[in-house]
Amino acid sequence: APKVIGLTGGIGSGKTTVARFIEEFGFPVYYSDDRAKAIVNESEDLKIKIKELLGDEAYDSNGLYDRKFVAEKVFNNKEQLQELNEIIHPAVRIDFEEWLKKQTKYLVFKETALLFELKLNRQCYKSLLVTAEDNIRAKRVMDRDGKTYREVEAVMEKQMPEKDKIKLADCIIYNNTNLEDLKEQTEQVIFDIE
Ligand code: ATP
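Below, the structure is looked at part by part. Values in this document were obtained by computation on a predicted structure and should not be read as measured data.

Brief notes about the pairing of strand E4 (residues 126-131)
Two faces, one strand: in a regular strand the side chains alternate between the faces of the sheet.
Line of reasoning, step 1. For E4, the buried fraction is high: 5 of the 6 residues fall into the buried class.
Line of reasoning, step 2. Two elements, strand E1 (residues 3-8) and E4, share 4 bridges in a ladder whose sense is parallel. By the bridge assignment, Leu 7 is partnered in E4 with Leu 128.
Line of reasoning, step 3. With 4 bridges joining them, E4 and strand E5 (residues 171-174) adopt parallel strand pairing. Across the sheet, Val 130 pairs through a bridge with Ile 173, a residue of E5.

Structure below.
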């Protein structure tokens, strides 16, 4: 079986950019967050469970998951968010296991925002954290999504503090400069993993 490296980072850290570089270097990446977004539309079983939890409005008139509605509904409802996660996370885990079976490279990467929060790092060979200063991350997300500083800050406040992630990570990429440097660090880290 391939070794699985858990790839993570907070909002705007650059983890998706690193994942794209990893693919350019020839290693497969499983995008947990993207797969989670797809699975809620693919699985009838999930649809039923999610509607039961959040109401029929969780899906729009075309039968598609209404991300905005759900996000607003659970944003300040910890219990409901947890219940939603208890529906989605096991489905993603199964989807990942199926993906993993098909892989032939000796090393594969699993991108998840919640690697440490969900203790998924325990099921990985190693963890790779992408981190950057809060103000730099905020600026990047403001530019990318047109969000306000306050909006980005609100998300950061709900995520595990960077200093805690740094303590837990096996490998760390500090993404405080430019994309060239980021790519170089990515190359170094992935070819150093043994
Ligand atoms: P999120 O969790 O919010 O999806 P992320 O960790 O996946 O974020 P990216 O989407 O990879 O982060 O990066 C955030 C934004 O910052 C993107 O627009 C990306 O192009 C840009 N970016 C990332 N790293 C750098 C860098 N070193 N220099 C310039 N721009 C960067």
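Comments concerning the packing of aromatic side chains
Line of reasoning, step 1. A full pass over the atoms with the stated rule returns 8 aromatic pairs.
Line of reasoning, step 2. Relative to Tyr 106, the ring of Phe 27 lies with its centre 5.8 Å away and its plane at 85°, an arrangement referred to as edge-to-face. Remark: Tyr 106 occurs in the loop between helix H5 (78-101) and strand E3 (107-111) and Phe 27 occurs in the loop between helix H1 (15-24) and strand E2 (29-31); sequence separation between them is 79 residues.
Line of reasoning, step 3. Assessed through its relative accessible area of 51%, Tyr 106 is described here as exposed.
Line of reasoning, step 4. Look at Tyr 30 and Trp 99: their rings are 5.4 Å apart centre to centre, the planes differ by 55°, and that puts the pair in the tilted class. Of the two residues, Tyr 30 sits in strand E2 while Trp 99 sits in helix H5, which places them 69 residues apart along the sequence. Taken as a pair, Tyr 30 and Trp 99 share a single burial class, namely buried.
Line of reasoning, step 5. Taken together, the ring pairs in this structure connect Phe 25, Phe 27, Tyr 106, Phe 109 and Phe 191 into an aromatic cluster.
Line of reasoning, step 6. Its end group placed over the ring of Phe 27, Lys 105 keeps NZ or CZ at 4.6 Å from the ring centre.

Reading the values: rules and limits
As a convention, each chain's residues are numbered from 1 in the sequence order in which they are written. Totals for whole chains, interfaces and linings use all residues, but because this is a predicted model, local features are given only for residues with pLDDT of at least 70 and pairs of side-chain atoms are given and counted only at 80 or more. Calculation of side-chain values draws on the structure's entire complement of heavy atoms; hydrogens and water are dropped beforehand. Only protein chains enter the calculation, and the probe is 1.4 Å; a residue is then buried if its accessible area is under 20% of its type maximum, exposed if over 50%, and partly exposed in between. Secondary structure elements follow DSSP: runs of H or I no shorter than four residues count as helices, runs of E no shorter than two count as strands, and numbering proceeds from the N terminus. A pair of strands is labelled paired if DSSP reports no fewer than 2 bridges between them. Paired rings are identified among Phe, Tyr and Trp, the last through its six-membered ring, by centres lying within 6.5 Å, and are further divided according to the angle between planes into stacked (under 30 degrees), edge-to-face (over 60) and tilted (the rest). Consider the ring centre and the ring normal. A charge sits over the ring if Lys NZ or Arg CZ is within 6 Å of that centre and within 35 degrees of that normal.

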